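Here is what each chain is made of, one letter per residue.
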Amino acid sequence: MSGGVQFPVRVIETEAISPTVKRLRLAPRDGQALPAYSAGSHTVLTIDGGSRLIRNAYSLLGSTLAGGAAYEVAVQRSPQSRGGSAFIHDHLTVGADLSLSAPINLFALNRTARRHILVAGGIGITPIAAMAAELDALALPFELHYAMRDTASGAFAAELAARHGDNLHLYVSERQERLSVRDILARQPLGTHLYVCGPERMIEGVMTDARMAGWPESALHAERFLAPEGGEPFALRLARSGISTVVGEHETLLEAIEAAGVDAPYLCRGGACGQCETRVLAADGHLLHADHYLTDGQKSRGETIMTCVSRLRGRELVLDL
Amino acid sequence: MQPSPIKSRPLYGTLAPVAHAMRHIAIAEGEGASAVIEAFGDHEALSRTTILFSPAPYRTDRTQETFLASLSCEALSVASSAEDLLGELVTLLSTATMGTRLYVSGSEDFIGRVTSEALHQGIDADAIQTEHRGAPTRRVQCVHCKGFTDGVSASPATCAHCGIHLLVRDHYSRRLGAFMGVSIDAEAPGDIPPAEAFGA
């Protein structure tokens, strides 16, 4: 399968960490040990959603870095959800079967860095907390800054506080506490690297502040997972397979390709990794590039499209698949 | 310069102060002073710039030094040797913070030594700019005795430590700041081709 190796797993534990975040513990169904992974890795869950196959990427928690008997993920019920996270919250209970991909890391710690500044907003804490766990185990210097709306929505806050003590700085916007990136970035010694995961606007803000403070690009790391949004439906023709289909309003281009029975490449399903880049043969309409992979020049040339998050506004798209 | 097919062979650019940097450290040897003067001239970055300079060995002309002193930079330090200059750089970098950019200009062996020492101090590679000025001399590590020979201007060269004749390859170590030198006559002792000078 194009997403790589699949591991059949079963939900063996669920926990409501907050009103909107659910933790899942997934154990292999075939007795095969799950591979160890590095902090910042994610996995793509494949769930039979009845009428459709749900494939969503989730960061792997720091609690199961060694792999083996189980993996853990935390899923936030997304208000803009196309149904995936809502299905996981409402229907995925202990005993449910699903499969997951081998771990992929697009947000790894730089092991040559001398100090690590971790910044998380909301559910963005999941890969960041795993990084903190890894750095803590390696006894490497780090500070963790975690911004959240209110204490109830701050999944993991208490656990992180117990584990990391003074290395953890919490900012609760309900209590008028604001994370000041400029203060955090000032006076950091050479060799410090910065990692951010959270809402897109937060990532942009932190990155801009770091660049304005003269930080070099190689020291800046962000996890930009996009939840693909729906859009207007359009016709899709897969030239090599000789298949014509329609990409529905609440469906991604990649999902429509898969539903048509074509095994198209993918890895992150969030516009970050570049694996699903596909050649555009013809586009009767305007390509809506939503990924973080192609350069602006590549996007305007429109020779390729990232099927996981991008789509067409127009009549028909013809792909080399 | 012909691009080398060897990927590790360093490429040098033209110094250009990074607008948002909190602090600039420019370090130059010999002819490298001109690159610093051209880049920083009357740039607004000068007020946040420390310049470290060492004249080329055996040079008695002080014009570059005088010119550098006329720039209104934050600090200027002139050392008599590259070793002393490197010592000063290490001291500066040990307390430097993120947002500091380093600019290096001079001979190829000088750039290599400074870059490797700066990386050891934790600065990110993309926070360093380099511009080659002056002689195309290289710093070479003998792969046999591991000794370093500075100021190598042609290949084959003689290892200053073990005396082996070395073919100087384009393979470069960023960690060591040196090119690789391998015995040229291992299979036919004494069969040493005439030396060819490195291109500029």
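The rules behind these values
- Residues numbered from 1 in each chain as written.
- Chains lettered and ligands numbered in written order.
- Predicted model: local features only at pLDDT ≥ 70, side-chain atom pairs only at ≥ 80, totals over all residues.
- Heavy atoms only, no water.
- Pairing = 2+ DSSP bridges.
- Helix = DSSP H or I, 4+ residues; strand = E, 2+ residues; numbered from the N terminus.
- Axes fitted to C-alpha atoms, helices over the stretch in contact; angles between N-to-C directions.
- Buried < 20%, exposed > 50% of the residue type's maximum accessible area, 1.4 Å probe, protein only.
- Contact = heavy atoms within 4.5 Å.
- Domains from an automatic or database assignment.
- Buried area = accessible area lost by both parts, 1.4 Å probe.
- Salt bridge = Lys/Arg side-chain N within 4 Å of Asp/Glu carboxyl O.
- Polar contact = N/O pair within 3.5 Å; in protein donor to acceptor, adjacent residues only side chain to side chain.
- Nonpolar A, V, L, I, M, F, W, Y, C, P; charged D, E, K, R; others polar.
- Phe/Tyr/Trp six-rings, centres within 6.5 Å; stacked < 30°, edge-to-face > 60°.
- Lys NZ or Arg CZ within 6 Å of the ring centre and 35° of its normal.

**Structural notes on the sheet that holds strand β16 (residues 304–306) of chain A**
All names here are of chain A.
Thought 1: The five strands lie next to each other as β14-β13-β17-β15-β16, forming an open sheet whose pairing is mixed. Where the open sheet ends on each side, the last strands, each with one partner, are β14 (243–247) and β16. Between one strand axis and the next, the sheet turns through 40 degrees on average, direction left out of account.
Thought 2: Sheet topology places strand β13 (residues 234–238) next to β14; five bridges connect them, and they run antiparallel. Bridging from a neighbouring strand, L236 pairs with T245 of β14.

**Some points on the environment of E108 of chain B**
Residues and elements named next belong to chain B.
Thought 1: Assignment of secondary structure puts E108 in helix α4 (residues 108–120).
Thought 2: For E108, a relative accessible area of 5% gives the class buried.
Thought 3: Taking the C-alpha atoms as reference points, E108 and G134, 26 residues apart in sequence, are found 8.3 Å from one another.
Thought 4: Among all residues touching E108, those that are not within four sequence positions of it are R9, Y12, H132, A135, P136, T137, R138 and F179.

**Side note on the domain arrangement of chain B**
All names here are of chain B.
Thought 1: Taken domain by domain, chain B comprises domain 1 (23–132) and domain 2 (138–197).
Thought 2: For domain 1 versus domain 2, the separation of C-alpha centres amounts to 28 Å.
Thought 3: Taken together, the eight residues of domain 1 in the interface contact ten residues of domain 2.
Thought 4: Regarding the contact of domain 1 and domain 2, the summed buried area is about 690 Å², with carbon and sulfur atoms giving 54% of it.
Thought 5: The three residues of domain 1 that bury the most area against domain 2 are E108, D109 and R113, which together make up 56% of that side's buried surface.
Thought 6: Summed over the shared surface of domain 1 and domain 2, the result is one salt bridge.
Thought 7: For the salt bridge of R113 with D150, the shortest nitrogen-to-oxygen distance reads 3.7 Å.
Thought 8: Scanning the region where domain 1 abuts domain 2 turns up three residue pairs in polar contact (both at pLDDT 80 or more).
Thought 9: Classifying every residue of the side of domain 1 that touches domain 2 by side-chain character gives two nonpolar, three polar and three charged.

**Regarding the sheet that holds strand β3 (residues 75–78) of chain B**
Residue and element names in this part refer to chain B.
Thought 1: Taking strand neighbours across the sheet as the criterion, the five strands line up as β3-β2-β1-β4-β5 in an open arrangement whose pairing is parallel. Looking at which strands have only one partner, the edges of the open sheet turn out to be β3 and β5 (128–132). Averaged over neighbouring strand pairs, the angle between their axes works out to 15 degrees when direction is ignored.
Thought 2: Examined bridge by bridge, strand β1 (residues 23–29) and strand β4 (residues 100–106) share six bridges and lie parallel to one another. Residue R23 lies in a different strand from β4, and its bridge partner there is T100.
Thought 3: Against the sheet, helix α2 (residues 63–70) makes contact with β2 (49–54) and β3, and its axis sits at roughly 170 degrees relative to β2, the strand it touches most.

**So, unusual backbone geometry**
Thought 1: Cis geometry marks the peptide bond from S155 of chain B to P156 of chain B, where omega comes out at 0 degrees.
Thought 2: Of note, P156 of chain B is situated in the loop between β8 (154–155) and β9 (157–158).
Thought 3: A positive phi angle, close to 55 degrees, is found at A139 of chain A, a residue other than glycine.
Thought 4: Its location among the elements puts A139 of chain A in the loop between α2 (125–138) and β9 (142–148).
Thought 5: For A139 of chain A, a relative accessible area of 67% corresponds to the exposed category.
Thought 6: Phi is positive for R187 of chain A, close to 60 degrees, though the residue is something other than glycine.
Thought 7: Relative to the helices and strands, R187 of chain A is located in the loop between α4 (181–185) and β11 (192–197).

**A few points about helix α1 (residues 84–91) of chain A**
Thought 1: Taken residue by residue, α1 of chain A has G84, S85, F87, I88 and H89 of chain A as its buried positions.
Thought 2: Elements that come into contact with the buried residues of α1 of chain A comprise β2 (21–28), β3 (41–48), β4 (53–59) and β5 (71–76) of chain A.

**Structural notes on the side chain of R139 of chain B**
Residue and element names in this part refer to chain B.
Thought 1: For R139, the location among the structural elements is in strand β6 (residues 138–142).
Thought 2: Classification of R139 as buried rests on a relative accessible area of 14%.
Thought 3: At a separation of 3.2 Å, a polar atom in the side chain of R139 contacts the side chain of D150.
Thought 4: Those residues in contact with R139 that sit more than four places away from it in its chain are D109, R113, F148, T149, D150, L176, G177, A178 and F179.

**Points about the packing of aromatic side chains**
Aromatic rings considered in pairs are described by the distance between their centres and by the relative angle of their planes.
Thought 1: With the rule as written, the count across this model stands at four aromatic pairs over all chains.
Thought 2: Considering the side-chain rings of F40 of chain B and Y103 of chain B, the 5.1 Å spacing of their centres and the 90 degrees angle between planes classify their relative orientation as edge-to-face. In this pair, F40 of chain B sits in helix α1 (residues 32–40) while Y103 of chain B sits in strand β4, placing the two residues 63 residues apart along the sequence. Side by side, F40 of chain B and Y103 of chain B carry an identical accessibility label, which is buried.
Thought 3: Seen from their ring centres, Y172 of chain B and F179 of chain B are 4.9 Å apart, and the 65 degrees between their planes marks the pair as edge-to-face. Considered together, Y172 of chain B and F179 of chain B belong to a single accessibility category, that of buried residues.
Thought 4: Positioned above the aromatic ring of Y266 of chain A, the side-chain terminus of R269 of chain A is 4.4 Å from the ring centre.

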